[in-house]
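Listed here are the chains, written in short residue letters.
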Amino acid sequence: MDHLQHGWFTESDTWPGAGLSLRVEKILHKEKSPYQDIMVLQTKSFGKALILDNIIQCTEYDEFTYQEMISFLPLCSHPNPERVLVVGGGDGGVAREAVKHPKVLSVDVVEIDERVVKLSEQFLPFMACGFKHDKVTLHIEDGFEFMKNNVQQFDVIITDSSDPVGPNESLFQKTYIESLKRSLKPGGIICSQVGSIWIKEDQDTMNRLSKDCSTNFKKVTLATISIPSYPTGNISFILATDNELVNFRVPAYSFTLEELNKYKLKHYTPDLHSASFSIPRFACMAIPHLNC
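Residues numbered from 1 in each chain as written. Predicted model: local features only at pLDDT ≥ 70, side-chain atom pairs only at ≥ 80, totals over all residues. Heavy atoms only, no water.

An unreviewed UniProt entry lists the protein chain under the name PABS domain-containing protein, with Aphis glycines as the source organism.

This is how it looks when you write it as structure tokens:
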């Protein structure tokens, strides 16, 4: 279908029977990279928006919500997250947030599509600034290959991917979970975005991935947050670890109010951290492999 009609962009293919529409003031950029279709839009209410394969990745209006939560839920759950790997994250947003954790010493970002990085630097500098931090190293390569060459190297691995289509489809397979496990240090934590609890197809993905995680990790759980520019206004994350001492609901590191202000956090708080793991009963029933 034509996702751009009469001055509106509609993301509907990932939200069966419905779709989020954004009023477009200007198409800032449009191209087909070797991996995917890329658009950058100037929207009326959400600011700049990055679109990959006609799926909204982030908007200027609410990107901080996703970036902070996918970063600090795993980082603040780990007792000492010194080395961090981000698979995907070509817009730089997760890198921008991850370096704020006081115990993080290094962040490796592995993005397969260099064009996403270059266009983010051009149009989304408020996110791509994450690549400029001296703790961050950017690698333009395949995440599988990178992890194959980096066994037991990372305390936390964050998968910041789009939906399971195109170049990201492999990031939602059992073999990927096994690669994450091999690249983690003992007791490490993984965190992957898995879509919305309100979409049946996403529930199926969560069910399959939580099952795969449960065969590789001792503790598997789900966090869910609200964010207006994503389908159903919701996004969820699967987190898993072998460290039985980890209590995902209780942060191992709690930012003080002074730190929240210092690092200019706009969404994440220790209280919200705990609340994110309170999953509606229907979701727990639909995804039985979770530790709800």
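Additional details are given in the paragraphs that follow.
Peer 1: So, helix 6 (residues 174-183): which residues are in play, and what are the values?
Peer 2: Listed in full, the buried residues belonging to helix 6 are Y176, I177, S179, L180 and S183. Along the axis of helix 6, the buried positions cluster into a sector of 160 degrees, meaning they face one direction only. Looking at the buried residues of helix 6, the elements they touch are strand 7 (83-88), helix 5 (143-148), strand 10 (154-160), strand 11 (184-195) and helix 7 (200-214). (Buried < 20%, exposed > 50% of the residue type's maximum accessible area, 1.4 Å probe, protein only. Helix = DSSP H or I, 4+ residues; strand = E, 2+ residues; numbered from the N terminus. Arc of directions from axis to C-beta. Contact = heavy atoms within 4.5 Å.)

Peer 1: Which residues make up the pattern of salt bridges, and what are the values?
Peer 2: Pairing is possible between side chains that carry opposite charge, provided their charged atoms lie close to one another. One pass over the full model with this rule turns up 10 salt bridges. Ionic pairing is found between E145 and K148, a salt bridge with its closest N-O pair at 3.1 Å. With E145 and K148 both in helix 5 and 3 residues apart, the pair spans about one turn of that helix. Residue classification places K148 among the exposed residues on the basis of a relative accessible area of 54%. (Salt bridge = Lys/Arg side-chain N within 4 Å of Asp/Glu carboxyl O.)

Peer 1: Describe the sheet that holds strand 3 (residues 20-32), and please don't skip the residues or the numbers.
Peer 2: Read from one edge to the other, the open sheet built from 6 strands follows the order 1-2-3-4-5-6, with strand pairing classed as antiparallel. This sheet does not close on itself; its edge strands, each paired only once, are strand 1 (4-5) and strand 6 (55-59). As defined by bridge partners, strand 5 (residues 47-52) adjoins strand 6 across 4 bridges and the pair is classed as antiparallel. By the bridge assignment, L52 is partnered in strand 6 with I55. Where helix 3 (residues 114-123) meets the sheet, it contacts strand 3, strand 4 (37-43) and strand 5, and its direction lies at approximately 115 degrees from that of strand 3. (Pairing = 2+ DSSP bridges. Axes fitted to C-alpha atoms, helices over the stretch in contact; angles between N-to-C directions.)

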